[in-house]
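Spelled out from the first residue to the last, the chains are:
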Amino acid sequence: MGRSNSASYDGAVASVAFATALSRVAGFFRDSVMFALLGMSPWSGAFLFAFTVPNLFRRMLGEGALSSAMIPIFTETLETRSREDAFAFLNRLLTRLGALIFVLCAVFLLLFVIMHKALSPSWLRALALSAILCPYLAFACLSAAICGALNSLGSFGLPALNAALLNGAMIVFGVVGLLLCPSGGATAALLLCGGVLLGGLCQLALPFWLLMRSGWRFHFDWSSSQLLAKMMALLIPAAVGAAMVQINATLSRILAFWLT
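Keep in mind that this is a model prediction, so the values were computed, not measured.

A.B. asks: Mind laying out the overall build of the chain, listing which residues take part and the relevant values?
C.D. replies: On a plain count of helices and strands, the chain comes out with 10 helices and zero strands. In terms of its C-alpha atoms, the chain occupies a principal-axis envelope of roughly 60 × 40 × 30 Å. The buried share among the 260 residues of the chain stands at 42%. Relative to all contacts within the chain whose residues are 6 or more apart in sequence, the contacts with residues 24 or more apart total 85%.

Right under this line is the structure:
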């Protein structure tokens, strides 16, 4: 039994290490393709800003902060109660998280529609691409919760590949952009946004499918739960801490856009 557990742990570590290394290599090629496509054009700055905004909320509401708060409670529920109770807790979390993300995106889009006539061209480009990338926020945050559940159930390989899925989709769309519009411009930036959205959709769809194979079925659940309150007590400080780097990066982008 000890050797079996040791072998399973070694396999999990190896799969996570391989997936992490693959995502880092893919990230290097993603950045290379992106800058080859957009260069130092205004659309390059606009896309980088647009990609920074959802990453800010992804750090606050998704990867890192959410996982560190959710996984202990989900795992404890599995061990002390049942898998059905753990899945019920996940459904309550996803219902509230999805509603929060929908409200955030709706508010952002409303502000963009109201203010777009008063924006400078650089800000208009950046916020227009940010509006296009709004769905990625939902994909990334919901995927983080589902991947946390998979980790608690002992599945590590596919969740660790999430970053590689995004990088791979962006590389493919970037290469298509180099072939179709080698001079960059708005079309190239839109293609990269398409890569982000497709990668985010894959990040959500594949873990969703894998968790369904474990017996989970999603349904909206607005009922209250002590487990949710317990998770929020862990989530808030973790989200603030995880967001600090992204907040600094976002403020730097904002200051850069104010420069001529």
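A.B. asks: Talk me through the nonpolar core; I want residue IDs and the actual numbers.
C.D. replies: Judged by nonpolar contacts, the single largest core of 35 residues is most densely connected at L66, M70, F74, F89, L90, L211 and M231. Elements that contribute at least two residues to this core include exactly α3 (65–80), α4 (83–115), α6 (134–152), α9 (186–213) and α10 (226–258). Looking at this core element by element, the count peaks at 10 residues for α6. Counting 28 residues, the second-largest nonpolar core is a separate cluster that includes M34, L37, W123 and A126.

A.B. asks: Now, about the packing of aromatic side chains: what can you tell me, with residues and values included?
C.D. replies: Inspection of the entire model under this criterion finds eight aromatic pairs. Measuring from centroid to centroid gives 6.1 Å for F51 and Y136, while their planes differ by 40 degrees, and the two rings are tilted. Of the two residues, F51 is situated in helix α2 (residues 42–61) and Y136 in helix α6; the sequence distance between them amounts to 85 residues. Taking the centre distance of 5.1 Å and the plane angle of 75 degrees together, the rings of F218 and F220 count as edge-to-face. On the basis of relative accessible area, F218 is assigned to the partly exposed category, the value being 31%. Taken together, F208, W216, F218 and F220 form an aromatic cluster joined through their ring pairs. The ring of W43 has R125 lying over it, and the distance from NZ or CZ to the ring centre is 5.8 Å.

A.B. asks: A description of the packing of α4 against α6 should follow, citing residues and the corresponding values.
C.D. replies: Where α4 contacts α6, the axes come no closer than 9 Å and their chain directions differ by 165 degrees. As the angle between them shows, α4 and α6 are arranged roughly antiparallel. Our pair here, α4 against α6, has a crossing hand that is right-handed. Between α4, through L90, L93, L94, L97, G98, I101, C105, F108 and L109, and α6, the contact on the second element is made entirely by C134, L137, A138, C141, L142, A145, I146 and A149.

A.B. asks: Go over the packing of α3 against α6 with me, naming the residues and quoting the values.
C.D. replies: Taken N-terminus to C-terminus, the directions of α3 and α6 make an angle of 40 degrees; their axes are 9 Å apart at the nearest point. Comparing their axes, α6 and α3 come out oblique. Once α3 is placed against α6, the crossing between them reads as right-handed. From α3, L66, S67, M70, I71, F74, T75 and L78 reach across to α6, where they touch C141, A144, A145, G148, A149, N151 and S152. When the residues that make up the contact of α3 with α6 are grouped by side-chain class, the tally is nine nonpolar, five polar and no charged.

A.B. asks: Just give me the short version of the pattern of salt bridges, but keep the residues and values in it.
C.D. replies: On inspection of all chains with the given rule, the structure shows three salt bridges. A salt bridge links D31 to R30; its shortest N-O distance comes to 3.0 Å. Under the relative-accessibility criterion, D31 is labelled partly exposed at 29%. For R30, a relative accessible area of 19% puts it in the buried group. Here D221 ties to R92 by a salt bridge, and the two come within 3.6 Å at their closest N and O atoms. In this pair, D221 sits in the loop between α9 and α10 while R92 sits in helix α4, placing the two residues 129 residues apart along the sequence. What makes D221 buried here is its relative accessible area of 13%.

A.B. asks: Tell me about the side chain of S152, residues and numbers included.
C.D. replies: Mapped onto the secondary structure, S152 falls in helix α6. The exposure class of S152 is buried, given its relative accessible area of 18%.

A.B. asks: Mind laying out the side chain of N162, listing which residues take part and the relevant values?
C.D. replies: Residue placement: N162 occurs in helix α8 (residues 162–180). By relative accessible area, N162 is classed as buried at 6%. Beyond its immediate stretch of four places on either side in the chain, N162 contacts S143, C147, Q203 and P207.

What counts, and where the lines are drawn
- Residues numbered from 1 in each chain as written.
- Predicted model: local features only at pLDDT ≥ 70, side-chain atom pairs only at ≥ 80, totals over all residues.
- Heavy atoms only, no water.
- Helix = DSSP H or I, 4+ residues; strand = E, 2+ residues; numbered from the N terminus.
- Buried < 20%, exposed > 50% of the residue type's maximum accessible area, 1.4 Å probe, protein only.
- Contact = heavy atoms within 4.5 Å.
- Core = buried A, V, L, I, M, F, W, Y, C linked by side-chain atoms within 4.5 Å.
- Phe/Tyr/Trp six-rings, centres within 6.5 Å; stacked < 30°, edge-to-face > 60°.
- Lys NZ or Arg CZ within 6 Å of the ring centre and 35° of its normal.
- Axes fitted to C-alpha atoms, helices over the stretch in contact; angles between N-to-C directions.
- Parallel < 35°, antiparallel > 145°, perpendicular 65-115°, else oblique.
- Left-handed = near helix turned anticlockwise from the far one by under 90°.
- Nonpolar A, V, L, I, M, F, W, Y, C, P; charged D, E, K, R; others polar.
- Salt bridge = Lys/Arg side-chain N within 4 Å of Asp/Glu carboxyl O.

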